[in-house]
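Residue strings, one per chain:
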Number of protein chains: 2
Amino acid sequence: MAEEVILLDSWVSPFGMRARIALAEKGIKHEHREEDLGNKSDLLLKMNSIHKTIPVLIHNGKPVCESNNIVQYLDEVWHDKSPLLPSDPYLKGQARFWADFVDRKNNLQVFDAGRKVWVTKGEEQKSLMEEFIGHLKTLEAELGDEPYFGGEKMGYVDVTMVPIYSWFHAYEVSGNFSFESHCPKLVAWAKRCMQHDSVSKALPDPEKVYEYVLQLRKRLGIE
Amino acid sequence: MAEEVILLDSWVSPFGMRARIALAEKGIKHEHREEDLGNKSDLLLKMNSIHKTIPVLIHNGKPVCESNNIVQYLDEVWHDKSPLLPSDPYLKGQARFWADFVDRKNNLQVFDAGRKVWVTKGEEQKSLMEEFIGHLKTLEAELGDEPYFGGEKMGYVDVTMVPIYSWFHAYEVSGNFSFESHCPKLVAWAKRCMQHDSVSKALPDPEKVYEYVLQLRKRLGIE
């Protein structure tokens, strides 16, 4: 049977980028459908009726929702090309642990901590930014001297984590600071990931992300 | 090599119960260590230095943290006895999706929604309770007419979800209502799970949970 793979996505979403990277790493031919999140398609509402969020992977008519779930699913079905999760159960458990850490640090998502920065300013923004950098430093310590979270090769945690790199520029300009001075090894790791076509093509232009953030802040009446 | 398995746990924790059920389902001999969460052991702080939470499974000296991660790990290492996750990648993805739903509904954890109920009262408590019941109804709809979330047999989502049943009594007495009238199928499902020794032995006496909640509310100055 010919495989029919559709990705419902939104260009600026770090969650969507995870699915894009995994699809590219595995060389899976698919149709990419950009969703207007202000006016979601009937297909999206039907395929992810519980959360109504992107990304959704539709494989031969059946939906798989939630970004890390999609990456694991792709890794299981297309397991031969570019395996992302280790086969050893202990290492697999460790990878799941860190991917989960990226998603939430005791109920505070890394992405959430990041997102809140856009809707605050002054001291409140500064304190959120410090918290966010604290999470990044924990991840940097876990990376240690390895080239990737996956060890010698890019793996599940790398795919989960690297999308936020496309938002770094927007944070830096808004907050007038440099991630490199706080987390040099993590920035070097992100640049290493960006040398993979699968990553560089999945991540949007950081300038466009910054414009998006500016528009978002204007719409929220913050600037 | 003889397997050394230790579980760092706390009797009232629904997260700990997940690990207990999975260990029992698979008949894994292990040492159970009850943690005093007000005075955590050095072993716990060392083995889960990132989150410092129970449960932690220590298998031959190596820690596995986070309850659903532990259940998946146990299922992978002891895969022959009582498999919990389906082997089909699509069904596995569905199980992960629903286990994730139990943990967080768009950042609002089912357990969190539940927990907040204990620190509020009056209208605020009522509205949180309605939200909590809303999540339970979504899960009930997913269960449909199957005996278990895992289909004919108890599986991963069942293990993730059933621990909260031991807290139902405390909710009901505090809120003066009945889960059975709101979610009769879900309550019937929980009773079905309780017929398994693995579940009935892992879940504490609902009266003791209620006493624990009363003490908690007193300590917080709510009653």
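Just so you know, these numbers come straight off a predicted model, no measurement behind them.

Caption draft 1: Focus on the pairing of strand 3 (residues 56-59) of chain A. Residue and element names in this part refer to chain A. The alternating pattern of strand 3 places Val56 and Ile58 on one face and Leu57 and His59 on the opposite face, and all of these are buried. Sheet analysis places strand 1 (residues 5-9) next to strand 3, joined by 4 bridges and oriented antiparallel. Bridge pairing in strand 3 places Val5 opposite His59. As judged from the 4 bridges shared by strand 3 and strand 4 (residues 62-65), these two strands associate in the antiparallel manner. Bridge assignment links Val56 to a residue of strand 4, and that residue is Cys65. The hairpin turn running from strand 3 into strand 4, its antiparallel successor, is 2 residues long, and Asn60 in that turn takes a positive phi close to 50°.

Caption draft 2: Spatial organisation of the interface of chain A and chain B. In this assembly, 31 residues from chain A lie in contact with 31 residues from chain B. Carbon and sulfur atoms make up 49% of the surface buried where chain A meets chain B, a total of about 2800 Å² over both sides. In this assembly, chain A and chain B are joined by 4 salt bridges. Among the ionic pairs, Glu76(A) bridges to Arg96(B), the shortest N-O distance being 3.1 Å. Along the contact surface separating chain A from chain B lie 8 residue pairs in polar contact (both at pLDDT 80 or more). Broken down by secondary-structure element, the contributors of at least two residues to the side of chain A that touches chain B are strand 4, helix 3 (67-77) and helix 4 (89-103) of chain A. The greatest single-element share of the side of chain A that touches chain B, amounting to 11 residues, is contributed by helix 4 of chain A. Taken together, the residues of the side of chain A that touches chain B sort by class into 11 nonpolar, 10 polar and 10 charged.

Caption draft 3: View of the packing of aromatic side chains. Residue and element names in this part refer to chain A. Counted by the stated rule, this structure contains 22 aromatic pairs over all chains. Their ring planes at 40° and their centres at 5.1 Å tell us that Phe132 and Tyr171 sit as a pair that is tilted. Of this pair, Phe132 sits in helix 6 (residues 122-143) while Tyr171 sits in helix 8 (residues 165-175), placing them 39 residues apart in sequence. The two residues Phe132 and Tyr171 agree in class, both being buried.

Caption draft 4: View of the UniProt feature "domain: GST N-terminal" (unreviewed entry) in chain A. Per the UniProt record, "domain: GST N-terminal" (unreviewed entry) is found at residues 3-82 of chain A. Annotated as residues 3-82 of chain A, this span is 36% helix and 21% strand, and its ends, taken at the C-alpha atoms, are 18 Å apart.

Caption draft 5: Representation of the sheet that holds strand 1 (residues 5-9) of chain B within the structure. Residues and elements named next belong to chain B. Strand order in the open sheet formed by 4 strands is 2-1-3-4, with mixed pairing between adjacent strands. Each of the sheet's edge strands pairs with one partner strand only, and the pair in question is strand 2 (31-34) and strand 4 (62-65). For this sheet, the mean inter-axis angle between neighbouring strands, taken without regard to orientation, is 20°. Docked against the sheet, helix 1 (residues 14-25) engages strand 1, strand 2 and strand 3 (56-59), running at close to 155° with respect to strand 1.

Caption draft 6: Inspection of unusual backbone geometry at higher detail. Of note, the bond from Ile54(A) into Pro55(A) is cis; its omega dihedral lies within 30 degrees of zero at -5°. Checked against the element boundaries, Pro55(A) lands in the loop between helix 2 (42-47) and strand 3. In this structure, Glu66(B) takes a positive phi of about 75° despite not being glycine. For Glu66(B), the position within the fold is in the loop between strand 4 and helix 3 (67-77). The backbone of Ser82(B) sits at a positive phi, close to 45°, despite the residue not being glycine. Among the structural elements, Ser82(B) can be located in the loop between helix 3 and helix 4 (89-103).

Caption draft 7: Representation of the pattern of salt bridges in the model. Within the structure shown, the criterion is met by 18 salt bridges over all chains. When the shortest N-O distance is used, the salt bridge between Arg18(A) and Asp103(A) registers 2.9 Å. Of this pair, Arg18(A) sits in helix 1 (residues 14-25) while Asp103(A) sits in helix 4; the two residues are 85 residues apart in sequence, bridging distant segments of the chain. Of the residues examined, Arg18(A) reaches a relative accessible area of 0% and is grouped as buried. Two residues, Asp9(B) and Arg20(B), come together in a salt bridge whose shortest N-O distance is 2.5 Å. With Asp9(B) in strand 1 and Arg20(B) in helix 1, this pair connects stretches of sequence that are 11 residues apart. One continuous salt-bridge network, built from bridges that share partners, spans Glu76(A), Lys92(B) and Arg96(B).

Caption draft 8: Looking closely at the sheet that holds strand 1 of chain A. Residues and elements named next belong to chain A. Overall, mixed pairing links the 4 strands, which are arranged 2-1-3-4 in an open sheet. Two strands close off the open sheet at either side, each with one partner strand: strand 2 (31-34) and strand 4. Each strand of the sheet is rotated relative to its neighbour by a mean of 20°, with strand direction disregarded. The sheet contact formed by strand 1 and strand 2 spans 4 bridges and is parallel. Paired with Leu8 across the two strands is Arg33, which belongs to strand 2.

Caption draft 9: Spotlight on the relation of the copies chain A and chain B. Mapping chain A onto chain B leaves a residual RMSD of 0.0 Å; the transformation is a rotation of 180° accompanied by 0.0 Å of translation along its axis. In short, the pair behaves as if placed about a two-fold rotation axis. A shared interface surface links the copies, since 100% of the contact residues of chain A are contact residues in chain B too.

Caption draft 10: Expanded view of the packing of helix 1 of chain A against helix 3 of chain A. Residue and element names in this part refer to chain A. At their nearest, the axes of helix 1 and helix 3 sit 8 Å apart, and the two run at 10° to each other. Put simply, helix 1 runs roughly parallel to helix 3. Mapping the contact onto sequence places Phe15, Arg18, Ala19, Ala22 and Leu23 in helix 1 and Ser67, Asn68, Ile70, Val71 and Leu74 in helix 3. For the contact of helix 1 with helix 3, the residue count by class is 7 nonpolar, 2 polar and 1 charged.

Criteria and cut-off values
- Counting of residues starts from 1 at the beginning of each chain's written sequence and follows it residue by residue.
- Ligands are numbered from 1 and chains lettered from A, in the order in which they are written.
- Confidence filtering applies because this is a predicted model: local features only for residues at pLDDT of at least 70, side-chain atom pairs given and counted only at 80 or more, and all residues used for totals across whole chains, interfaces and linings.
- Computation of side-chain values: all heavy atoms of the structure, hydrogens and water removed.
- Accessibility here uses a 1.4 Å probe with only protein chains present; expressed as a share of the type maximum, an area under 20% marks a residue as buried, one over 50% as exposed, and anything in between as partly exposed.
- Elements are defined by DSSP. Helices are runs of H or I of four residues or more, strands are runs of E of two residues or more, and each kind is numbered from the N terminus.
- Two strands are said to pair when DSSP picks up at least two bridges between them.
- Working rule for contacts: check all heavy atoms of both residues, and any pair within 4.5 Å makes them a contact.
- Accessible area, probed at 1.4 Å, shrinks when two parts are joined; the buried area is that loss added up over both.
- By definition, a salt bridge exists where a carboxyl oxygen of Asp or Glu is found within 4 Å of a side-chain nitrogen of Lys or Arg.
- Polar contact criterion, stated in full: a pair of N or O atoms within 3.5 Å, where within protein one must be able to donate a hydrogen and the other to accept it, and residues adjacent in sequence count only if both atoms are side-chain atoms.
- Charged residues are taken to be Asp, Glu, Lys and Arg, nonpolar residues to be Ala, Val, Leu, Ile, Met, Phe, Trp, Tyr, Cys and Pro, and polar residues to be all remaining types, Gly included.
- Only Phe, Tyr and Trp rings take part, Trp by its six-membered ring, and two of them pair if their centres are within 6.5 Å. Stacked means planes under 30 degrees apart, edge-to-face means over 60, and tilted covers everything else.
- UniProt positions are given in the numbering used here, feature names are shortened, and annotations may be inferred rather than shown by experiment.
- Working convention: axes come from line fits to C-alpha atoms, limited for helices to the stretch in contact. Angles between N-to-C directions cover 0 to 180 degrees.
- We superpose the copies by least squares over the C-alpha atoms of residues that have a pLDDT of at least 70 in both of them.
- Throughout, the term roughly parallel applies to angles under 35 degrees, roughly antiparallel to angles over 145, roughly perpendicular to angles from 65 to 115, and oblique to all others.

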